[in-house]
Amino acid sequence: MKKILVLLLVVTLGAAYVNAQDQKTGSVGLVLTNSIAFAGIGGELFLGNLGLGATFTFLPIGGGGDMVIFYEPGAYARFYFGNPASAMYLMGGMSYFTAAGSSGDSGLSSFDGGILNINGGFGYNAMFGDNNATRFYIEVGPRYTSLVVDSDEEIYAGFFLHFALGFGATF
């Protein structure tokens, strides 16, 4: 029985290796979203037809010694219908929008709450240029938004539109 399991594992890993020979490993780039913190960076690792990624968008606003930074870290998974070099995909992920600020000589302090976003959707991914070195993607879908204060009290919840656009380099 053990020999059959080992043989099955070797064949599966061999097939994954052959399938991934002409695919990129991942990408990094600029992300634009429909959030207040609308611009940032993102990265994704390609695991065959599955992509796992993270984003960090932010918007600093300040003047006269006062500063507020809106930021939204997030994570997602994408399932590509074919080679990620040119394919439609389904996406699911989540992010947490919050803020931090400082005034005058005081240090940076965080807001005790935020907005939890659960995103879903579909999109298109394309890689082009020499050796598919440049990546572009666009996605749209529903976003479930929940306003949370003090890390456990939900004040508001509702559905909105999720939109993301990204471009960058592949490796």
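Treat the numbers as computed from the prediction; the structure is a model and nothing was measured.

J.: Can you walk me through the layout of surface pockets in this structure?
T.: It is a probe the size of a water molecule, rolled over the atoms, that shows where empty space is left. One number sums up the size of the largest pocket: a volume of about 200 Å³. Along its surface, the largest pocket is lined by Asn34, Ser35, Ile36, Glu72, Phe97, Ile115, Asn117, Arg143, Thr145, Phe160 and Leu161. Only strand 7 (113-128), strand 8 (134-149) and strand 9 (153-170) provide two or more residues apiece to the lining of the largest pocket. Of the residues assigned to the lining of the largest pocket, the class counts are 5 nonpolar, 4 polar and 2 charged.

J.: Explain the environment of Gly48 to me, please; I cannot follow it from the model alone.
T.: By the secondary structure assignment, Gly48 is in the loop between strand 2 (39-47) and strand 3 (50-63). Take Gly48: its relative accessible area is 18%, and that puts it in the buried class. A C-alpha to C-alpha distance of 9.2 Å links Gly48 and Phe79, two positions 31 residues apart in sequence. If near-sequence neighbours (up to four positions away) are discounted, Gly48 is found in contact with Gln23 and Pro84.

J.: For this particular structure, what's the right way to read the environment of Tyr71?
T.: One can find Tyr71 in strand 4 (residues 66-80). In the structure, Tyr71 is positioned 33 residues away from Phe38 in sequence and 8.9 Å away in space, judged by C-alpha atoms. When near neighbours in sequence (up to four residues on either side) are disregarded, Tyr71 contacts Ala37, Phe56, Thr57, Phe58, Tyr96, Phe97, Thr98, Ala99, Ala100 and Ser110.

Conventions used here
Residues numbered from 1 in each chain as written. Predicted model: local features only at pLDDT ≥ 70, side-chain atom pairs only at ≥ 80, totals over all residues. Heavy atoms only, no water. 1 Å grid on protein atoms, 1.4 Å probe; cavity = no way out; pocket = protein on both sides within 12 Å on 5 of 7 lines; lining within 4 Å. Points joined across faces, edges and corners; volume = space filled by probe spheres on them. Helix = DSSP H or I, 4+ residues; strand = E, 2+ residues; numbered from the N terminus. Nonpolar A, V, L, I, M, F, W, Y, C, P; charged D, E, K, R; others polar. Buried < 20%, exposed > 50% of the residue type's maximum accessible area, 1.4 Å probe, protein only. Contact = heavy atoms within 4.5 Å.

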